[in-house]
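Examining the three-dimensional arrangement
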Amino acid sequence: MPSPSLAIEARSLVKTYGRLRAVDGVDFSVRAGEIFGVVGPNGAGKTTTIECLEGLRMPDGGELRVLGLDPRRDGRELRERIGVQLQQSALPDDMKVWEALDLFASYYRDPAPWAPLLDRLEIGDKRNARFAKLSGGQKQRLFIALALVNDPELVFLDELTTGLDPHARRAMWDLVRGVRERGKTVFLTTHYMEEAEQLCDRVLVVDHGRVVALDSPANLIRDLAGEVRILFTAEAGFDPAPLRALEGVARVERNGDRVLVAGRGDRLICVVINALDARGIRFRDLRTEQPDLEDVFLALTAEAGLDGGAR
């Protein structure tokens with residue numbers, strides 16, 4: 001029996017494309033009323049998973065319950081109760097905002113009044129604007145409005161803020177929080193770790209179609225809290241390779257003249273500074289940093305990648 005406190009239950013979910021197992025035995029549940037995020041590298045299975053939940057793709061194995069329904073058997077009933085914003089969405093260039101909402105509302109038995117929805121999403125003044133004339137942020141607001149026009153219990157947002165500038169992205173975050181505050185459950189996928197950390201009650205990390213971790217952002221970061229991160233600016237021509245062989249160093253990354261050394265151990269800072277000094281390498285702006293969800297993601301997916309390569 002599905003639990004009334006769970007909006008989504010996935011057990012041993014499998015989806016294959018030929019020899020590729022895009023989703024490989026995934027297990028998770030989503031509580032009613034939470035913002036639940038899925039993160040993972042490109043090709044990790046995020047979009048395939050969300051499309052199975054929405055009923056857009058048929059899984060090849062496992063069990064799914066979405067709002068207590070089976071997306072494979074109860075698709076028509078499920079579509080009345082969920083809202084979907086796809087990763088790639090478009091409308092005819094000449095279609096007006098009000099025409100899109102009027103059309104989508106006609107698909108449902110009991111749609112919500114869409115005029116207040118436009119005002120709430122701050123595009124009420126664009127009611128008569130054509131789709132081609134909207135900015136990227138306005139288009140995303142319209143797609144959220146279309147996902148909410150049936151007053152759904154559960155909203156799927158797939159890569160909602162991709163391509164938006166930082167200001168528009170943060171405005172979208174406020175909109176997502178507002179959706180949850182009105183009693184909805186939100187299931188989102190994202191490539192932005194800051195977005196997942198700011199918005200999500202819990203985050204599912206997937207790689208190679210498998211679950212790598214599932215917990216709140218705070219707990220995931222706490223589990224990595226033993227990691228030490230050292231950042232500094234190096235001189236031109238600096239080769240970071242020797243640092244990778246130092247005791248306690250887990251990874252070394254370079255971006256331009258900025259270098260990140262991450263690892264564990266109380267003496268890691270001393271070890272790195274002594275190694276730089278012994279090689280006569282000049283550096284400046286050295287500082288340490290606390291890990292965030294992006295560091296968790298890099299560490300977890302690096303481990304999963306090594307594991308997957310060995311199989």
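Details of the structure are given in the entry above.
Some details on the overall build of the protein
In terms of regular secondary structure, the protein is built from ten helices and 13 strands. Each of the three principal axes of the protein carries a C-alpha extent, and together these read 75 × 45 × 35 Å. A fraction of 68% describes how many contacts in the protein between residues 6 or more apart in sequence connect residues 24 or more apart. Total accessible area computed for the protein in this model is approximately 15,600 Å², and 47% of it derives from carbon and sulfur atoms. Taking the 43 positively charged and 49 negatively charged side chains of the protein as two groups, their mean positions are separated by 2 Å.

Considerations on helix H9 (residues 268-278)
Along an α-helix, residues three or four apart share an orientation, since each turn contains 3.6 residues. Every buried residue of H9 is listed here: Leu268, Val272, Ala275 and Leu276. Each buried residue of H9 lies within a common arc of 100 degrees when the element is viewed along its axis, so the set occupies one face. With respect to the buried face of H9, the exposed residues turned more than 90 degrees away are Asp277 and Ala278. Each element contacted by the buried residues of H9 is listed here: strand S10 (228-234), strand S11 (249-255), strand S12 (258-263) and strand S13 (283-289). Of the residues trailing H9, Gly280 is marked for its positive phi of about 70 degrees.

With respect to the packing of aromatic side chains
According to the stated counting rule, one finds eight aromatic pairs in the structure shown. Measuring from ring centre to ring centre gives 5.6 Å for Phe28 and Phe36, while their planes differ by 20 degrees; the resulting arrangement is stacked. Here the two residues Phe28 and Phe36 agree in accessibility, since each one is buried. Ring plane angle 70 degrees and centroid distance 6.1 Å describe the contact between Phe232 and Phe238, whose orientation is recorded as edge-to-face. When sorted by exposure, Phe232 lands in the same class as Phe238, which is buried. Sitting above the plane of the Phe131 ring, Lys139 keeps its charged end 4.7 Å from the centroid.

Quick notes on the sheet that holds strand S4 (residues 61-66)
In space, the three strands of this open sheet follow the order S2-S1-S4, with antiparallel pairing throughout. Because the sheet does not close on itself, it has two edges, and the strands there are strand S2 (20-31) and S4. On average, each strand axis in the sheet is inclined to that of its neighbour by 15 degrees, with strand direction left out of account. As paired elements, strand S1 (residues 6-17) and S4 share five bridges and run antiparallel to each other. Residue pairing for S4: Glu9 is matched across the bridge by Arg65.

Concerning the pairing of S12
In terms of burial, S12 is largely enclosed, as five of its six residues are buried. Hairpin connection between S11 and S12: a loop of two residues separates the two successive antiparallel strands, and Gly256 in this loop has a positive phi of roughly 70 degrees.

Looking at the environment of Leu101
Structurally, Leu101 is set in helix H3 (residues 97-105). Leu101 sits in the buried class, given a relative accessible area of 0%. For the pair Leu101 and Asn274, spaced 173 residues apart in the sequence, the C-alpha separation amounts to 64 Å. Setting aside residues up to four positions removed in sequence, Leu101 forms contacts with Trp114, Leu118, Leu142, Ala145, Leu146 and Val149.

Quick word on the nonpolar core
In terms of nonpolar packing, the biggest core is built from 50 residues, with Leu91, Leu101, Leu142, Val176, Leu188, Val203 and Leu293 touching the most fellow members. Ignoring any residue separated from it by four or fewer positions in sequence, one finds Val203 in contact with Gly37, Val39, Ala196, Ala213, Leu214, Asp215, Pro217, Leu220 and Leu293.

Overview of the environment of Lys96
For Lys96, the location among the structural elements is in the loop between strand S5 (82-85) and H3. For Lys96, a relative accessible area of 24% corresponds to the partly exposed category. The sequence separation of Lys96 and Leu148 amounts to 52 residues, and the corresponding C-alpha distance is 18 Å. Setting aside its immediate chain neighbours within four residues, Lys96 contacts Arg127, Asn128, Ala129 and Arg130.

Here is what the cut-offs are and how they apply
Per chain, residues are indexed from 1 in the order of the written sequence. Predicted model: local features are reported for residues with pLDDT of at least 70 only, side-chain atom pairs are reported and counted for 80 or more only, and whole-chain, interface and lining totals are derived from all residues. The side-chain numbers reported here are obtained from all heavy atoms of the structure, hydrogens and water having been left aside. Every helix listed is a DSSP run of H or I at least four residues long, and every strand listed is a run of E at least two residues long, numbered separately from the N terminus. Note on contacts: a residue pair qualifies if any of its non-hydrogen atoms lie within 4.5 Å across the two residues. Accessible areas in this description were obtained via Shrake-Rupley with a 1.4 Å probe; residue shielding takes into account the shown protein chains only. By the counting scheme adopted, Arg and Lys are positive, Glu and Asp are negative, and His together with the chain ends is not counted. The atoms used to mark charge sites are NZ of Lys, CZ of Arg, CG of Asp and CD of Glu. A simple rule labels every residue: compare its accessible area, found with a 1.4 Å probe on the protein chains alone, to the largest value its type can have, and call it buried under 20%, exposed over 50%, or partly exposed in between. Here the arc refers to the set of directions running from the helix axis out to each C-beta atom. In this scheme Phe, Tyr and Trp rings, the latter by its six-membered ring, pair at centre separations within 6.5 Å, and the angle between planes marks the pair as stacked below 30 degrees, edge-to-face above 60, and tilted otherwise. By definition here, charges over rings are those cases where NZ of Lys or CZ of Arg is within 6 Å of the ring centre and within 35 degrees of the ring normal. If DSSP finds at least two bridges between two strands, the strands pair. All axes are obtained by fitting lines to C-alpha atoms, using only the stretch in contact for helices, and the reported angles, taken between N-to-C directions, cover 0 to 180 degrees. Here, the term nonpolar core denotes a set of buried Ala, Val, Leu, Ile, Met, Phe, Trp, Tyr and Cys residues that are joined through side-chain atoms within 4.5 Å.

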